[in-house]
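As a plain string of letters, each chain reads:
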Amino acid sequence: MEIKYQRVEGKKDNLGMPCYEHRFDGLVISSDSTLIDMDFVIKSLKQSYWAGTRPEAVVRRAWAHSIGMGIYDEKTGAQVAMMRVVTDFAVYAHAFDVWVDPNHRGKGYSKVMMSFFTSYPELKSVIRIQLTTSDAHTLYSQFGFGHLKHPERFLEVWRDADTSAKPDIGI
Ligand SMILES: CC(C)(COP(=O)(O)OP(=O)(O)OC[C@H]1O[C@@H](n2cnc3c(N)ncnc32)[C@H](O)[C@@H]1OP(=O)(O)O)[C@@H](O)C(=O)NCCC(=O)NCCS
């Protein structure tokens, strides 16, 4: 889908950068932080295979420090889809928490979100976009995503999270 980005004057994304929207089929896709329904986010992630046991405070902290992109009913404002983008707005971006409400699946909304994200005006200089998936490879391959080009260069460490910390203050 071709996205016609409209800058939303006077509104910002969660990271304080300009935000944008695109209207289609009675819906609006937007990065306006004030539209995000955190109850929708929390309820959805509880059902997800990757964050089902994630403490609510950690979810809130992650969303507060990412660009939250959502699809909303234009009339009611009800949220029907979401994704979260971690980025430096310069060279790197990573997509997380891609979710479409079960009642609205199969209508192309995840593809609208990926179109909105991958051509997003504030991410034009980003040279590497990453995400992980267990089974939606053919969704993302439509937007150019493939396996790591140099897997031998990527290192990671998984560790137990310290959930005794207060996520709202970070110590
Ligand atoms: C995956 C998900 C986001 C797809 O959203 P959607 O709006 O229903 O999907 P769309 O209608 O935009 O179509 C997705 C396309 O990707 C394909 N696809 C690939 N893997 C898929 C998967 N695991 N689930 C759904 N569709 C998938 C579909 O067949 C469809 O192909 P098409 O373009 O040939 O029609 C949605 O099913 C969902 O929220 N699932 C639960 C959470 C999840 O798995 N998120 C992704 C984590 S990486």
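Residues numbered from 1 in each chain as written. Predicted model: local features only at pLDDT ≥ 70, side-chain atom pairs only at ≥ 80, totals over all residues. Heavy atoms only, no water.

For the chain, the name recorded in an unreviewed UniProt entry is N-acetyltransferase domain-containing protein, with Umbelopsis ramanniana AG as its organism.

> Mind showing me how you'd approach the overall build of the chain here?
Along the backbone of the chain there are four helices and seven strands. Along the chain, from the amino end to the carboxyl end, the secondary structure elements read β-β-β-α-α-β-β-β-α-β-α. In terms of overall size, the chain behaves like a compact globule, its C-alpha atoms giving a radius of gyration of 16 Å where 171 residues would be expected to give roughly 16 Å. Judged by the C-alpha coordinates and their principal axes, the chain covers about 45 × 35 × 30 Å. By the burial criterion, 40% of the 171 residues in the chain qualify as buried. Across the chain, every contact between residues at least 6 apart in sequence was considered, and the portion connecting residues at least 24 apart equals 56%. Accessible area of the chain: about 10,500 Å², with a carbon and sulfur share of 52%. (Helix = DSSP H or I, 4+ residues; strand = E, 2+ residues; numbered from the N terminus. Rg over C-alpha atoms; globule rule 2.2 N^0.38 Å. Buried < 20%, exposed > 50% of the residue type's maximum accessible area, 1.4 Å probe, protein only. Contact = heavy atoms within 4.5 Å. Areas by Shrake-Rupley, 256 points an atom, 1.4 Å probe, with all protein chains shown as cover.)

> What's the story with helix 3 (residues 109–118) in this structure? I'm lost.
An α-helical turn contains 3.6 residues, so a residue and the one three or four places further along point in the same direction. Counting buried positions along helix 3 gives eight out of ten residues, so the element sits mostly inside the fold. Along helix 3, the positions that sit buried rather than exposed are Tyr109, Ser110, Val112, Met113, Met114, Ser115, Phe116 and Phe117.

> I tried to follow the packing of aromatic side chains on my own but got confused; where do I start?
When we look at a pair of aromatic rings, we describe it by the centre distance and by the angle of the planes. With the rule as written, the count across this model stands at eight aromatic pairs. Taking 4.9 Å as the distance between ring centres and 85° as the angle between the ring planes, the aromatic pair formed by Tyr49 and Trp50 counts as edge-to-face. Trp50 sits in the partly exposed class, given a relative accessible area of 31%. Among the aromatic residues, ring-to-ring pairing joins Tyr5, Tyr20, Phe116 and Tyr120 into one connected group. The ring of Trp99 has Arg105 sitting right over it, with the charged end atom 4.7 Å from the ring centre. (Phe/Tyr/Trp six-rings, centres within 6.5 Å; stacked < 30°, edge-to-face > 60°. Lys NZ or Arg CZ within 6 Å of the ring centre and 35° of its normal.)

> Quick question: what am I supposed to make of helix 1 (residues 38–46) here?
Within helix 1, burial applies to Met38, Phe40, Val41, Ile42, Ser44 and Leu45. The elements touched by buried residues of helix 1 are helix 2 (56–64), strand 5 (79–87) and strand 6 (92–100). In this structure Asp37 caps helix 1, since a side-chain oxygen of it lies 3.0 Å from the backbone nitrogen of Asp39. (Polar contact = N/O pair within 3.5 Å; in protein donor to acceptor, adjacent residues only side chain to side chain.)

> Quick question: what am I supposed to make of the site of the ligand here?
Taken together, 20 residues lie near the ligand, and Val98, Gly106, Gly108, Ser110 and Lys111 sit nearest. Here an oxygen atom of the ligand and a backbone polar atom of Gly108 are 2.7 Å apart. Bound to the protein, the ligand loses 72% of the 880 Å² it would expose on its own. For the shell around the ligand, the secondary structure elements donating two or more residues are strand 6, helix 3 and helix 4 (137–141). (Near = heavy atom within 4 Å.)

> Please explain the sheet that holds strand 2 (residues 18–24) as it appears in this structure.
Hydrogen bonds between backbone atoms are what pair the strands of a sheet, whose relative direction is either parallel or antiparallel. Taken in spatial order, the seven strands make up an open sheet running 1-2-3-4-5-6-7, and their pairing is mixed. Each edge of the open sheet carries a strand with a single partner, namely strand 1 (6–12) and strand 7 (128–130). Averaged over all adjacent pairs, the angle separating strand axes in this sheet is 25°, with direction ignored. Pairing between strand 4 (residues 67–73) and strand 5: six bridges, direction antiparallel. Bridge pairing links Ile71 to Ala81 in strand 5. Contacting strand 4, strand 5 and strand 6, helix 2 runs over the sheet at an angle of about 70° to strand 5. (Pairing = 2+ DSSP bridges. Axes fitted to C-alpha atoms, helices over the stretch in contact; angles between N-to-C directions.)

> Can you help me understand unusual backbone geometry in this one?
A negative phi holds for most residues other than glycine; trans holds for most peptide bonds. With a phi angle near 45°, Asp25 is a residue other than glycine that sits in the positive phi range. Relative to the assigned elements, Asp25 resides in the loop between strand 2 and strand 3 (27–30).

> I tried to follow the packing of helix 1 against helix 2 on my own but got confused; where do I start?
In a pair of packed helices, the angle between the axes and the distance between the axes together describe the arrangement. At a minimum axis distance of 11 Å, the contact between helix 1 and helix 2 shows a crossing angle of 120°. One way to sum up the angle between helix 1 and helix 2 is to call them oblique. At the point where helix 1 passes helix 2, the crossing takes the right-handed sense. Touching Met38, Asp39, Val41, Ile42, Leu45 and Lys46 of helix 1 are Glu56, Val59, Arg60 and Trp63, all from helix 2. Grouping the amino acids of the contact of helix 1 with helix 2 by side-chain chemistry returns six nonpolar, no polar and four charged. (Parallel < 35°, antiparallel > 145°, perpendicular 65-115°, else oblique. Left-handed = near helix turned anticlockwise from the far one by under 90°. Nonpolar A, V, L, I, M, F, W, Y, C, P; charged D, E, K, R; others polar.)

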